[in-house]
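What follows is the residue order along each chain.
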Amino acid sequence: MYKGKSILAIIPARGGSKGVKRKNVRLLLNKPLIAYTIEAALQANFLDKIIVSTEDPEIASISKEFGAEIPFMRPVELASDDAKGIDVIFHAMNWLGKNHTVYDLVMLLQPTSPLRKAYDIKNAVDILYEKKAGAVVSVCEAEHSPLWMNVLNEDLCMKDFLRKDILNKNRQEISKYYRINGAIYVSDWNYLIQNKGFFGEKTYAYIMPNERSIDIDTELDLKFVEFLMNNFHMQK
């Protein structure tokens, strides 16, 4: 409970992954990847229920070991490459609702963001209260402006590749762009249902620094996080 509202945290973790095999249980400095997210959620110290949604027995066992709850096993059809993340969230909400457990807020914490801190979780919820928001989604500054990007034709001609108004401008002269970093999504329970997701007219951003915004999708991402943890004391 935080400021009078109950909060459910859902950590989705399926067994299959393409970029990094068995990603959610891969060791990162001798600890399973998913453990960092569970520990951050526990350290936030105000989440009423922290559950892991998985179809995988090993992930379920490890998650319990680190303090998360596994109230159900996720249906296999929601653990495929084609399954949508929001459907996993709604499955968990529906399961809990059928068991007469409804919360004021729903939080999604993806296990592929191991550098997210407990205070990031708190800050995101604080913004939701301050803005009287329906939802808050974490973002970080984009590493490269989309204004420097375009599609290429087969002949590789770069005519009109860049807009004329940004030609020869320095990076500092161009507006900042932000990208979703995947670390934190938090929403009012009913707002999430009404909008069929976290995005709507009353969704606001929580800005995180890039060094805590790495979303592990490849072996290179994993090695980079290991480097940061070893050299910049970024462990939980």
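Everything here concerns the structure above.
Presented here is a report on the structure given in the accompanying data block. Model, not experiment: these values are computed from the prediction.

1. Here's the deal with the nonpolar core
Then, number 1: Core analysis: the biggest nonpolar cluster contains 37 residues, and V52, M107 and V125 have the highest contact counts within it.
Then, number 2: Mapped by element, the contributors of at least two residues to this core are β1 (7–12), α1 (33–44), β2 (49–53), α2 (57–65), β3 (105–108), α4 (118–130) and β5 (178–188).
Then, number 3: Broken down by element, this core gets its largest block of residues, seven residues, from α4.
Then, number 4: Apart from the residues within four sequence positions on either side, M107 is in contact with I7, L8, A9, I10, L47, I121, V125, Y185 and V186.

2. Re the sheet that holds β3
Then, number 1: A sheet is described by the order of its strands in space; here six strands give the open sequence β2-β1-β3-β5-β4-β6, paired in mixed fashion. In this open sheet, the two strands that pair with only one neighbour each are β2 and β6 (203–207). Averaged over neighbouring strand pairs, the angle between their axes works out to 25 degrees when direction is ignored.
Then, number 2: Here four bridges tie β3 to β5, and the two strands are oriented antiparallel to one another. Each bridged residue has a counterpart across the sheet, and for V106 the counterpart in β5 is S187.
Then, number 3: In the packing of α1 onto the sheet, the strands contacted are β1 and β2, and the crossing angle to β2 comes to about 165 degrees.
Then, number 4: Contacts from α4 reach β1, β3, β4 (135–141), β5 and β6 within the one sheet, and its direction differs from that of β5 by about 65 degrees.

3. Focus on unusual backbone geometry
Then, number 1: If you check the backbone angles, L156 has positive phi at about 65 degrees while not being a glycine.
Then, number 2: Along the chain, L156 falls in the loop between β4 and β5.
Then, number 3: Assessed through its relative accessible area of 57%, L156 is described here as exposed.
Then, number 4: At N168, a residue that is not glycine, the phi angle is positive and equals roughly 65 degrees.
Then, number 5: Structurally, N168 can be placed in the loop between β4 and β5.

4. Quick look at the pattern of salt bridges
Then, number 1: This structure, assessed with the given rule, holds 14 salt bridges.
Then, number 2: With a closest N to O distance of 2.6 Å, E58 and R22 form a salt bridge. In this pair, E58 sits in helix α2 while R22 sits in the loop between β1 and α1, placing the two residues 36 residues apart along the sequence.
Then, number 3: Here E58 falls in the partly exposed class, since its relative accessible area comes to 41%.
Then, number 4: Take R22: its relative accessible area is 25%, and that puts it in the partly exposed class.
Then, number 5: In this structure, K176 and E141 form a salt bridge, with 4.0 Å as the shortest nitrogen-oxygen distance. Here K176 is found in the loop between β4 and β5, whereas its partner E141 is found in strand β4, with 35 residues between them in sequence.
Then, number 6: Using a relative accessible area of 29% as the deciding quantity, one classes E141 as partly exposed.
Then, number 7: In the salt-bridge network here, residues are joined through shared partners; they are K3, K122 and D126.

5. Some remarks on the side chain of S113
Then, number 1: Within the secondary structure, S113 sits in the loop between β3 and α4.
Then, number 2: The contact partners of S113, leaving out residues within four places of it in the chain, are T37, N181, G182, A183, I214 and D215.

6. What to know about the layout of surface pockets
Then, number 1: Estimated volume of the largest pocket: approximately 610 Å³.
Then, number 2: Considering the residues around the largest pocket, the lining is formed by 30 residues, among which P12, R14, K23, Q110 and T112 are closest to the centre.
Then, number 3: Take the lining of the largest pocket: its biggest share by element is four residues, from helix α3 (residues 85–98).
Then, number 4: Grouping the amino acids of the lining of the largest pocket by side-chain chemistry returns 14 nonpolar, eight polar and eight charged.
Then, number 5: Around the second largest pocket, the lining residues are E141, A142, E143, H144, S145, W148, R171, Q172, I174, S175, K176 and Y177.
Then, number 6: Of the residues belonging to the lining of the second largest pocket, the class tally is four nonpolar, four polar and four charged.

Calculation rules
- Residues numbered from 1 in each chain as written.
- Predicted model: local features only at pLDDT ≥ 70, side-chain atom pairs only at ≥ 80, totals over all residues.
- Heavy atoms only, no water.
- Core = buried A, V, L, I, M, F, W, Y, C linked by side-chain atoms within 4.5 Å.
- Buried < 20%, exposed > 50% of the residue type's maximum accessible area, 1.4 Å probe, protein only.
- Helix = DSSP H or I, 4+ residues; strand = E, 2+ residues; numbered from the N terminus.
- Contact = heavy atoms within 4.5 Å.
- Pairing = 2+ DSSP bridges.
- Axes fitted to C-alpha atoms, helices over the stretch in contact; angles between N-to-C directions.
- Salt bridge = Lys/Arg side-chain N within 4 Å of Asp/Glu carboxyl O.
- 1 Å grid on protein atoms, 1.4 Å probe; cavity = no way out; pocket = protein on both sides within 12 Å on 5 of 7 lines; lining within 4 Å.
- Points joined across faces, edges and corners; volume = space filled by probe spheres on them.
- Nonpolar A, V, L, I, M, F, W, Y, C, P; charged D, E, K, R; others polar.

Structural measurements only, silent on function.
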